[in-house]
Structures are given as C-alpha cells and as structure tokens.
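# Descriptive analysis of the structure
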Amino acid sequence: MRQFDPLPNNAIVYRTLLRKQWIDEDTGKVKADAYFLRVNERGLSVNLASVCSPKQCAELFHKCYGVASIEVAGVREIGLDVEQDWANHANIINLPYRENDLAEAERLAGLLARQSQIVWKPE
C-alpha cells in the first residue's frame, strides 16, 4: 500500500450514502447508521473532497442516495482518524465494531453523523 502524508485538519472528506435509511426523511440529516463499521471493513470508506466532487463520488456507485461532508478535524476531535490509502480515497479508522462494543460504536457513529452535512442528493 502506498504511503500518504497525514491529511490536514481542514481537509474535507465525503461519505457516500449508499442506503436510503441512512438519511432521516423528516430532518434530511445523516443518521448514525451511515457511520457504523461493518464486519471485514478496516475503516469507513470516504473520498477526498480535494480530488473528487460530491457528484463524482456519487457516480462511483450504481445507487447513491446522497453524499455527506465531514471535516477531518472533527473526526480527530472525537478520537478517530482519517487515513488516506489511494489518491482520492481514505478510511475513518479506530471505530469499534458494533459486535465488540455496541455503546461506543453507537456513540461515535452519532457524533460523526452530527458533524455531517449532506452536500449532494440525486435529483
């Protein structure tokens, strides 16, 4: 795996919302469900805003319900990090699996969701 310099705190990353239930229909906000680490994932997949527009991120997938932005500094403030692994891709790391620590996984997913803003939705 190619090594990348740590992302600056002011970097923005995009979480592609691949499930309809990840968006609260009443408020239009991102739900914590979008930030749970699934089994066999090393980290939560995000794209770098400096390289990829929200629409370009959405177009990487067959079905996308929205794209949410989150600042790297906010991720770090809650004890997590964002580690770049490709030119346009990174992972939010250090999240626990729900199966291992449900309370902490829910707490961190909720904090990430509150920091997120939807910046693209399909027309």
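In what follows, the accompanying structure is described. (Residues numbered from 1 in each chain as written. Predicted model: local features only at pLDDT ≥ 70, side-chain atom pairs only at ≥ 80, totals over all residues. Heavy atoms only, no water.)

### Regarding unusual backbone geometry
Peptide bonds are, in most cases, trans, and in most cases residues other than glycine have a negative phi. Positioned with a positive phi, Asn40 is a non-glycine residue whose angle comes to about 75°. Secondary-structure assignment places Asn40 in the loop between strand E1 (12–17) and strand E2 (44–48). Judged by relative accessible area, which is 78%, Asn40 ranks as exposed. At Asn94, a residue that is not glycine, the phi angle is positive and equals roughly 80°. Here Asn94 shows up in the loop between strand E5 (89–93) and helix H3 (102–115). (Helix = DSSP H or I, 4+ residues; strand = E, 2+ residues; numbered from the N terminus. Buried < 20%, exposed > 50% of the residue type's maximum accessible area, 1.4 Å probe, protein only.)

### Quick word on the packing of aromatic side chains
Across all of its chains, the model carries zero aromatic pairs by this definition. Of note, Arg98 hangs over the ring of Phe36, and the distance from its end group to the ring centre comes to 4.2 Å. (Phe/Tyr/Trp six-rings, centres within 6.5 Å; stacked < 30°, edge-to-face > 60°. Lys NZ or Arg CZ within 6 Å of the ring centre and 35° of its normal.)

### Looking at the nonpolar core
Counting residues in hydrophobic clusters, the biggest one holds 29 residues, and the most contacted among them are Tyr35, Leu80, Val82, Ile92, Leu95 and Leu112. Those elements giving two or more residues to this core turn out to be E1, E2, strand E3 (66–71), helix H2 (72–77), E5 and H3. Here this core gets five residues from one element, more than from any other, and that element is H3. When near neighbours in sequence (up to four residues on either side) are disregarded, Leu95 contacts Tyr35, Leu37, Leu44, Leu80, Leu108 and Leu112. Counting residues in each nonpolar core, the second largest holds six residues, with Cys57, Ala58, Cys64 and Val67 among its members. (Core = buried A, V, L, I, M, F, W, Y, C linked by side-chain atoms within 4.5 Å. Contact = heavy atoms within 4.5 Å.)

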